[in-house]
Amino acid sequence: MKLACFGAGYVGLVSSACFANAGHQVMCVDTNADKIRQLKDGVLPIYEPGLDTLVESTTKTGNLQFTAKPAEAIEYADLLFIAVGTPPDEDGSADLQYVLAVAAQIGQLMNRPKVIVTKSTVPAGSADRIRLTVQEELDKRHCDLHFEVASNPEFLKEGSAVADFMKPDRFIVGSNSEEVRSRMQELYEPFNWKSDRMIFMDIRAAELSKYAANAMLATKISFMNEIANLAEELGADIEQVRQGIGSDSRIGYHFIYPGIGYGGSCFPKDVQALSKTASQLGRQMRILNAVEAVNQAQKSRLVELIIQHYGTLSPAGQAPTRGTSALNGKTFALWGLSFKPKTDDMREAPSRVVMEALWEAGALVQAYDPEAMDEVERIYGHREDLRLVGTRDAALLGADALIICTEWQHFRAADFDNLVQQLADKVIFDGRNLYEPARVKAKGLTYYGIGRGESVRQVG
């Protein structure tokens, strides 16, 4: 099948490469000419495991093409995917300007029937706006061309997006058209041959399903972080609690790992957008509002533990200002910058909250991340209080304490003897609970985790 995909970002590029790898003919279009030029040269705008080799192989076979010309893509295929960004607007709602801009281009340029499929995360009812936008442009041209609009939300996790696309839990298609359903069934057949994972529903249900899924997962994370903070006060170990509740098949182990909050491009904006959609209809999403509030507070949890350890908490409970605290002049090694492992995405990353609080208190940060270093440099530029180093061990040189913000695999096996030698204050602030407190204490280190009870605050 021939298809065109508008947007060469995270969703569009992964979808295009995976469809092309299955044997479909795909043209990926983006109005950013520099991005398209780099893609043609094999330079990807994002890091995603396995995506680079997939793009390279499919472009060599000719199954995947790139263009910066919307007219070329619209002429190329009759199945058109919209996978452009829907960033949060100032009020938290989803900004549909890029989605509707693509819809307008399609209406202006199409010269035969089309099926328009939204992969972008859009609020329920967006398909109606897309349909209206396309029709308005056709009316301006006095064209009577048939087109269908469908919803096909993505459920890809950053860090495992290629695997998620190839072996998904389900494919959701929102459409009441038998023609569209048949074409989508054919499109996904290479990924669906072992068992039928196609779920057809009406368009608004499909649009809402994406938001509801992300909101549910975000809720599990914030709930577990609330329980972790309670466990801390009660002297209970949250890791034991996690095992106890995760073994219940009704709950499961997914998304119940306590930490310093969620980030990235999906959960924060989707929780906010769903809450805004409800408020526009006169409803308050009380649970989701709490989920968002808990997450924002949790991102500062490590900062609170650092302040508590160094005894610099102000009477108002706020972090001290630059140059006035015991943190002034301290050097913190920081392992992990991206919001999660296997990505370079720094959007809403908890590490940003931690670093900015430390800088405000006059501290220096020596940071290492396997993939996000360039992105951090792009965001913050050159700063005297930020050193980006090439290895995790290099981050320890001259450091007073270690902070862990991201659970990259090669942080899990630490050389505690080396940490004792390198860290002047012999203390670890672990935002991802990578280590057993008793083992760390036995080495002579002070260890702070998230919700690890009394065991975390024992000085060796």
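The model shown is predicted, which means the values in this text are computed figures rather than measured ones.

## Focus: the overall build of the protein chain
(1) Moving on: The number of helices and strands found in the protein chain is 18 helices and 14 strands.
(2) Moving on: Counting only C-alpha atoms and orienting by the principal axes, one finds that the protein chain spans roughly 75 × 45 × 45 Å.
(3) Moving on: Across the 460 residues in the protein chain, those meeting the buried criterion constitute 53%.
(4) Moving on: Contacts in the protein chain between residues far apart in sequence, at least 24 positions, make up 71% of those at least 6 positions apart.
(5) Moving on: The averaged location of the 60 negative side-chain charges in the protein chain is 2 Å from the averaged location of its 49 positive side-chain charges.

## With respect to helix α8 (residues 178-188)
(1) Moving on: Burial in α8 covers these residues: Val180, Met184, Leu187 and Tyr188. Around the axis of α8, the buried residues are gathered within 85° of arc, so they sit on the same side.
(2) Moving on: N-capping of α8 is provided by Ser177, with a side-chain oxygen placed 3.3 Å from the backbone N of Glu179.

## Remarks on the nonpolar core
One broad rule of soluble globular proteins: the nonpolar side chains tend to lie buried together.
(1) Moving on: With 61 residues, the main nonpolar core has Phe332, Ile403, Leu419, Ile428, Phe429 and Tyr435 as its most contacted residues.
(2) Moving on: In terms of residues, this core owes the most to one element, helix α13 (residues 301-310), which gives six residues.
(3) Moving on: Among the nonpolar cores identified, the runner-up in size contains 39 residues, and Val55, Phe81, Val117 and Met198 belong to it.

## Side note on the pairing of strand β1 (residues 2-6)
(1) Moving on: Among the five residues in β1, four count as buried, and that is most of the element.
(2) Moving on: Strand direction decides the pairing type here: β1 and strand β2 (residues 25-29), joined by five bridges, are parallel. When the bridges of β2 are listed, Leu3 appears paired with Val26.
(3) Moving on: Between the parallel elements β1 and β2, the chain passes through helix α1 (residues 10-21) in a crossover that is right-handed.
(4) Moving on: Both β1 and strand β4 (residues 79-82) contribute to a ladder of four bridges, which runs parallel. Paired with Ala4 across the strands is Leu80, a residue of β4.

## Digging into the pattern of salt bridges
(1) Moving on: Under the criterion given, the structure shown has 27 salt bridges.
(2) Moving on: Measuring nitrogen to oxygen at the nearest pair gives 3.1 Å for the salt bridge that ties Lys114 to Asp78. With Lys114 in strand β5 (residues 114-118) and Asp78 in the loop between α4 (70-76) and β4, this pair connects stretches of sequence that are 36 residues apart.
(3) Moving on: On the basis of relative accessibility, which here comes to 2%, the residue Lys114 falls in the buried class.

## Quick look at helix α6 (residues 126-140)
Given 3.6 residues per turn, any residue in an α-helix points the same way as the ones three and four places further on.
(1) Moving on: The terminal C-alpha atoms of α6, which comprises 15 residues, lie 21 Å apart, in line with the 21 Å expected from a rise of 1.5 Å per residue.
(2) Moving on: If you check which residues of α6 are buried, you get Ser126, Ala127, Ile130, Thr133, Val134, Glu137 and Leu138. End-on, the buried residues of α6 take up no more than an arc of 135°, which puts them together on one face. In this structure, α6 carries Leu132 and Lys140 as exposed residues pointing more than 90 degrees from its buried face.
(3) Moving on: Where α6 is buried, its residues meet α5 (97-109), β5, β6 (147-151) and α9 (203-234).
(4) Moving on: The positive-phi residue at the C-terminal boundary of α6 is His142, with phi of around 60°.

## Some remarks on the packing of helix α11 (residues 267-280) against helix α12 (residues 286-298)
(1) Moving on: Running from amino to carboxyl end, α11 crosses α12 at an angle of 150°, the nearest separation of the two axes being 9 Å. Considering the relative orientation of α11 and α12, their crossing is left-handed. Counting all contacts with α11, which are made through Pro268, Val271, Gln272, Leu274 and Ser275, the residues of α12 involved are Leu288, Asn289 and Glu292.
(2) Moving on: Residue composition of the contact of α11 with α12, grouped by class: four nonpolar, three polar and one charged.

## Details of the sheet that holds strand β9 (residues 331-335)
(1) Moving on: Strand order in the open sheet formed by six strands is β11-β10-β9-β12-β13-β14, and the pairing between neighbours is parallel. The open sheet has two edge strands with one neighbour each: β11 (386-388) and β14 (446-448). Geometrically, the sheet is characterised by an average inter-axis angle of 20° between neighbouring strands, direction not taken into account.
(2) Moving on: In the packing of helix α15 (residues 373-380) onto the sheet, the strands contacted are β10 (364-368) and β11, and the crossing angle to β11 comes to about 155°.

## Some points on the packing of aromatic side chains
(1) Moving on: Within this structure, the stated rule accounts for 18 aromatic pairs.
(2) Moving on: When the ring of Phe165 is compared with that of Tyr188, the centres are 6.4 Å apart and the planes differ by 35°; the resulting orientation is tilted. With Phe165 in helix α7 (residues 161-166) and Tyr188 in helix α8, this pair connects stretches of sequence that are 23 residues apart. In terms of burial, Phe165 and Tyr188 fall into one category: buried.
(3) Moving on: Aromatic pair Tyr262 and Phe267: ring centres 5.8 Å apart, planes at 80°, arrangement edge-to-face. Exposure class is identical for Tyr262 and Phe267. Each is buried.
(4) Moving on: Put simply, the rings of Phe19, Phe81, Phe165, Phe171, Tyr188 and Phe191 pair up and form one aromatic cluster.
(5) Moving on: Here the basic side chain of Lys2 rests over the ring of Tyr76, its NZ or CZ set 4.6 Å away from the ring centre.

## A few points about the environment of Gly381
(1) Moving on: With respect to the helices and strands, Gly381 occurs in the loop between α15 and β11.
(2) Moving on: The exposure class of Gly381 is partly exposed, given its relative accessible area of 30%.
(3) Moving on: Residues Gly381 and Asn289 lie 92 residues apart in sequence; the distance between their C-alpha atoms is 33 Å.

## Examining the side chain of Asn152
(1) Moving on: Residue placement: Asn152 occurs in the loop between β6 and α7.
(2) Moving on: Among the polar contacts made by the side chain of Asn152, one reaches the main-chain carbonyl oxygen of Ile172 at a distance of 2.8 Å.
(3) Moving on: Polar side-chain contacts of Asn152 include one of 2.4 Å to the side chain of Tyr188.
(4) Moving on: Setting aside its immediate chain neighbours within four residues, Asn152 contacts Phe81, Val117, Thr118, Lys119, Ile172, Val173, Met184 and Tyr188.

The rules behind these values
Residues numbered from 1 in each chain as written. Predicted model: local features only at pLDDT ≥ 70, side-chain atom pairs only at ≥ 80, totals over all residues. Heavy atoms only, no water. Helix = DSSP H or I, 4+ residues; strand = E, 2+ residues; numbered from the N terminus. Buried < 20%, exposed > 50% of the residue type's maximum accessible area, 1.4 Å probe, protein only. Contact = heavy atoms within 4.5 Å. Lys, Arg positive; Asp, Glu negative; His and termini not counted. Charge placed at Lys NZ, Arg CZ, Asp CG, Glu CD. Arc of directions from axis to C-beta. Polar contact = N/O pair within 3.5 Å; in protein donor to acceptor, adjacent residues only side chain to side chain. Core = buried A, V, L, I, M, F, W, Y, C linked by side-chain atoms within 4.5 Å. Pairing = 2+ DSSP bridges. Right-handed = clockwise from strand over helix to strand, strands pointing away. Salt bridge = Lys/Arg side-chain N within 4 Å of Asp/Glu carboxyl O. Expected span 1.5 Å × (residues − 1). Axes fitted to C-alpha atoms, helices over the stretch in contact; angles between N-to-C directions. Left-handed = near helix turned anticlockwise from the far one by under 90°. Nonpolar A, V, L, I, M, F, W, Y, C, P; charged D, E, K, R; others polar. Phe/Tyr/Trp six-rings, centres within 6.5 Å; stacked < 30°, edge-to-face > 60°. Lys NZ or Arg CZ within 6 Å of the ring centre and 35° of its normal.

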